[in-house]
Protein chains: 2
Amino acid sequence: MAETVIEHVLGRLKILGIKDVFGVPGDYAFAVNDAVCNDNEMRWIGCCNELNAAYAADGYARIRGFSALSTTFGVGELSALCGIAGSFTEHLPIFHIVGMPNTRTQQERRIVHHTLGTGQFDLFAKMTEPAVCASAILTPENAVTEMERVVNAALTHRRPVYLAIPDDYARMTVLGTALPPATLPSSVPDTLDAAVNAIIEKLEIAQIAVILAGYLICRLDLRAEAQALIEATGLPFATMTMDKTALDETHSQFMGMYIGRDINPEIRQFIENCDCVLNLGALWSDLNTVAYTAVIEKAKMIAVGHHSVRVGHAVYPGVEMKDLIDALVKKIGKKSINAPKTHGLSEPEGKYSDRITPEYLYPRWERFFKPDDIVIAETGTTSMGLECAMMPKGAVFHNQALWASIGWATPAAFGAALAAPERRTILITGEGAHQLTAQEVSQFGRFGLKPVIFCLNNDGYLIERLLCREPMTYYNDLAQWNYAKLPEALGCTNWFTAKVTTNAELEEAMNKAEMCNAGVYIEVIMDKMAGPPVAMKMHESFARK
Amino acid sequence: MAETVIEHVLGRLKILGIKDVFGVPGDYAFAVNDAVCNDNEMRWIGCCNELNAAYAADGYARIRGFSALSTTFGVGELSALCGIAGSFTEHLPIFHIVGMPNTRTQQERRIVHHTLGTGQFDLFAKMTEPAVCASAILTPENAVTEMERVVNAALTHRRPVYLAIPDDYARMTVLGTALPPATLPSSVPDTLDAAVNAIIEKLEIAQIAVILAGYLICRLDLRAEAQALIEATGLPFATMTMDKTALDETHSQFMGMYIGRDINPEIRQFIENCDCVLNLGALWSDLNTVAYTAVIEKAKMIAVGHHSVRVGHAVYPGVEMKDLIDALVKKIGKKSINAPKTHGLSEPEGKYSDRITPEYLYPRWERFFKPDDIVIAETGTTSMGLECAMMPKGAVFHNQALWASIGWATPAAFGAALAAPERRTILITGEGAHQLTAQEVSQFGRFGLKPVIFCLNNDGYLIERLLCREPMTYYNDLAQWNYAKLPEALGCTNWFTAKVTTNAELEEAMNKAEMCNAGVYIEVIMDKMAGPPVAMKMHESFARK
């Protein structure tokens, strides 16, 4: 049957398993919006604004592997751009479909709405280029081949792609027939062999060795493979902040978190004293290493990347991560190494009648988590406080540790919950970050999802108070909201909401949250400077400077 | 006294009269944030998110002429980009100050937060370039000259500029001393004379002529000059949508609105039958002309632009709008022309007990407006319904008729109210657009402002229902909020709020709004397809296609 350009695009996305399209509709994108709504196998997921939609797509892709976003020209796509750049940074493939003005409007260089008024129609695609791994402006003639190229780029790089479609072209029939899916990069066999041998040699002579389970394991859907490798080696493994729950934290070989300067010194010492560190896709960024205080000599490191591996100082290009892991599993010998092991946070400290402190709250959250939970933690003190919590079997923990755009977590939690409505999604956010995107709470209610939301209200941007020169400077202050009243105002009328100040109130609210079959929103009141221990240590080391 | 780079930048902004900096703080921008807060003559205006901050800066610049915005690197600036592009489109000079990572981080190409992780630090400046008229990355050595260049560009083009400052450089002492302010473009004297003569000749032979008072009059702060010209010519004048209240609508020579196809046919006929139309800076865009149904022959038009004028087919470059208007005032002869005149909207239609209809609401709003009000109307059916309301003396009406980014109005109203707290600011928005940026309502309360907010709740994106193929398609549906409960949730606890469904309830709420000395938020419930007459006519003409 004759397929239109937009039908072809959506059909190709369905082959990847994408059934939901996040976005905000708009007149230049009506052809896209109509096609989604007219397709019985797809859903249009309207969001409050485009940035929130992009963050929601990011959260969805973290659970399902891919996602789709649709916005209108100019105003819509630029509003989403920070979210797309975040997905680029964090290796999440989002298909961003933009509806453009029709070709006659473009050819006549008309001054039309949602443009800069200069008669240029390719500017926004150019502005987007650094934040995507491929982009195309589709026509009936090029749609089949360009779509295949762009899909291939998304699969190869696991980053966002940009697809713009003029409104009239979107409704036209594609020319040409479907291509066989383009092949993905494969390893160069001899290089792969050489890399495997080099790695095995390095591991064999190592007295003590360790594995870092990095975030790329999840992004490339290699959890089973990576776990098989860890079990084949017998080596202990640790994860860094960005990589938390890359593999199950209940695994017997899991040591705990490796996070530089101030946390888990026994883990840090063990890892940094190893003769060999097999790093499966962890990134040496500032936040992941607490300002580069996690230090491993290059000569000791085997850094497995997406398309190459570095063994000590030598890089082996053209080696795919999956191929390398599979080959290692077959050839590697097992070691028995005694490694330290952490056991998460300590017991909650404090009396029931006390005001809530970090010493009570973070350990209590750890106990609140259940198997298979999806925990989305906002950038800031909340994610810092939770990074060493032990996650139950099957539970995953997501934050945005490289792009670190505050406001991401609230819509990302919506996207994740929509991707897995059968699991419990827990959003943990500070109130400062929450203000950026709080309206998206309404979508949980609209789509019948039942998240548990904790909004930590410490009267300002706490992470900034800890980092800046004068903690009480007024740019760290916020408008004072009544957070616990937000769900009702946003239409989540049957939710359980609470505002808690003491440990007893927190306990009662958490118990109700466990029992009620509804969305939950708990505002947790804390002191202005009440950060988790790791954040306070960071603050002290900054203050000493 | 030795001045730091950021002190120099802020000092230069103060010379332009900028005393407020909108934004969201962030660690790379602390030097900027600190400098603003440490300056007794400046205020930091923290917003909920960066896009909202950019829109607020846009609203402020509409009232004060200029404004300033500060965001952090990457995440902050990209979030604000849609707002900056809107200010570019609509000719509003915003100084966007971005805090960058320090130079050592940049030189070492470190993988740090808020970057794409590629070690590139100039990408975001490049992505921003199409949306600003000048940009600079400041150093101690170039700060004085670059700042002067950028200020000059902002004044010359009346568009946003981009200033990025590495964190360490911001706190260093500037090298060099303040330059004399760069001179602005001036007219080429002979070209100016030739243009003036050509215009006078064209006007003298015209039997009937008319003036269009365009938005550039306001953007270039030429209201007094333009009004003097209108009075010197004796000609009637009209305005288009984007230009509404460019000059006072109570002026005796004001005919009414000229808006293409469906409105004010007697105005349209008169204007299009004129021998000569003197267009003072109005733009022939799609929305301003209702899809180009406002048609004036090129030969008849004198199009006065910012730096040039077109007389019929001939362009005179190097002619400044102010110089041209001033010269015309001195030389032009007076005509006496009988022109039609509109008198705004008719009486509100409907009984008190009726549900609120557009036929009641829009005329009632017209009567609600008072002298010197600032009315901010969102893109969509609300601004369409209000474009023909007669505005009282000194009252101004703003919408975003070219960029037309929904969500703009709510933060823009906050920015406008902050710019003129002594005037009454009225925000009129549909609920669909309001959802994009609604959290900024909290800032009115935080800064002690007392706006009157009308949120028109018609259960979906009405403008899209009127434009798309299937009005009831579900992408036009929204999460159902309890809008009247928003102010309290957002901390505006002492406001008067109401949810009104009948004309009687509307009257009561409006009366209370007049009396109370507090912020006002009125949710107006309307039927799904209840658009103002002009929107319904547009819908019918689309449906006929």
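None of the values given here were measured: they were computed from a predicted structure.

Draft legend 1. Expanded view of the sheet that holds strand S19 (residues 520-525) of chain A. Residue and element names in this part refer to chain A. Read from one edge to the other, the open sheet built from 6 strands follows the order S15-S14-S16-S17-S19-S18, with strand pairing classed as parallel. Edge positions in the sheet fall to strand S15 (396-398) and strand S18 (496-500), since each has one partner strand and no second. Adjacent strand axes in the sheet meet at a mean angle of 15 degrees when their direction is disregarded. Here strand S14 (residues 374-377) pairs with strand S16 (residues 425-430) via 4 bridges, running parallel. Residue pairing across strands places Ala 377 opposite Ile 428, the latter belonging to S16.

Draft legend 2. Layout of the relation of the copies chain B and chain A. In screw terms, the move from chain B to chain A is a rotation of 180 degrees and a rise of 0.0 Å along the axis, fitting with an RMSD of 0.0 Å. What the superposition gives is, in effect, a two-fold axis relating one chain to the other. Ranked by how close their C-alpha atoms come to the rotation axis, the residues of chain B are headed by B:Met127, at 2.3 Å. Most of the interface of chain B is mirrored in chain A: 100% of its interface residues are interface residues there too.

Draft legend 3. A look at the domain arrangement of chain A. Residue and element names in this part refer to chain A. Partitioning chain A into structural domains gives domain 1 (5-170), domain 2 (189-331) and domain 3 (358-544). Taken over C-alpha atoms, the centre of domain 1 sits 35 Å from the centre of domain 2. Contact residues are listed per partner, giving 4 residues for domain 1 and 4 residues for domain 2. Counted by class, the side of domain 1 that touches domain 2 contains 1 nonpolar, 2 polar and 1 charged residues.

Draft legend 4. Inspection of the interface of chain B and chain A at higher detail. Contacts between the two partners involve 68 residues from chain B, matched on the other side by 68 residues from chain A. Of all elements in the fold, only helix H2 (30-38), strand S2 (43-46), helix H4 (75-89), helix H6 (123-128), helix H17 (431-437), helix H18 (441-446), helix H19 (462-467) and helix H20 (486-489) of chain B reach the threshold of two or more residues within the side of chain B that touches chain A. Among the elements that make up the side of chain B that touches chain A, the one with the highest residue count is H4(B) (8 residues). In terms of residue class, the side of chain B that touches chain A is made up of 37 nonpolar, 21 polar and 10 charged.

Draft legend 5. Spatial organisation of the sheet that holds strand S1 (residues 20-23) of chain A. All names here are of chain A. Strand order across the open sheet formed by 6 strands is S2-S1-S3-S4-S6-S5, with parallel pairing between neighbours. Because the sheet does not close on itself, it has two edges, and the strands there are strand S2 (43-46) and strand S5 (134-137). On average, adjacent strands in this sheet sit at an angle of 20 degrees to one another, irrespective of strand direction. As judged from the 4 bridges shared by S1 and S2, these two strands associate in the parallel manner. Residue pairing in the sheet places Asp 20 in a bridge with Arg 43 of S2.

Draft legend 6. Representation of the packing of helix H11 (residues 223-233) of chain B against helix H13 (residues 321-331) of chain B within the structure. All names here are of chain B. Two numbers describe how H11 lies on H13: the axes approach to 9 Å, and their chain directions differ by 30 degrees. Between H11 and H13, the interaxial angle falls into the category roughly parallel. Here H11 runs over H13; the crossing is left-handed. Contacts between H11 and H13 involve Glu 225, Ala 226, Ala 228, Leu 229 and Ala 232 on the former and, on the latter, Lys 322, Ile 325, Asp 326, Leu 328 and Val 329. Looking at side-chain class alone, the contact of H11 with H13 contains 7 nonpolar, no polar and 3 charged residues.

Draft legend 7. Geometry of helix H11 (residues 223-233) of chain A. All names here are of chain A. Buried residues of H11: Glu 225, Ala 226, Leu 229, Ile 230 and Thr 233, and no others. With its buried residues spanning 135 degrees around the axis, H11 presents them on a single face. Looking at the buried positions of H11, the neighbouring elements they touch are strand S7 (209-213), helix H10 (216-219), strand S8 (237-239), strand S10 (276-280) and helix H13 (321-331). Following H11 by one or two positions, Gly 234 adopts a phi angle in the positive range, close to 70 degrees.

Draft legend 8. Here's a closer look at unusual backbone geometry. Residues and elements named next belong to chain A. Its identity is not glycine, yet Arg 158 carries a phi of approximately 50 degrees, on the positive side. C-beta crowding within 10 Å serves as the criterion here: with 22 such atoms nearby, Arg 158 is assigned to the buried category. Even without a glycine there, the phi angle at Asp 221 is positive, about 60 degrees. Looking at the secondary structure, you find Asp 221 in the loop between H10 and H11. Given 11 C-beta atoms within 10 Å, Asp 221 falls into the exposed group.

Parameters and conventions
- Residues numbered from 1 in each chain as written.
- Chains lettered and ligands numbered in written order.
- Predicted model: local features only at pLDDT ≥ 70, side-chain atom pairs only at ≥ 80, totals over all residues.
- Pairing = 2+ DSSP bridges.
- Helix = DSSP H or I, 4+ residues; strand = E, 2+ residues; numbered from the N terminus.
- Axes fitted to C-alpha atoms, helices over the stretch in contact; angles between N-to-C directions.
- Least-squares fit on C-alpha atoms with pLDDT ≥ 70 in both.
- Contact = placed C-beta atoms within 7 Å.
- Domains from an automatic or database assignment.
- Nonpolar A, V, L, I, M, F, W, Y, C, P; charged D, E, K, R; others polar.
- Parallel < 35°, antiparallel > 145°, perpendicular 65-115°, else oblique.
- Left-handed = near helix turned anticlockwise from the far one by under 90°.
- Buried ≥ 20, exposed ≤ 12 C-beta atoms within 10 Å, placed from the backbone.
- Arc of directions from axis to C-beta.

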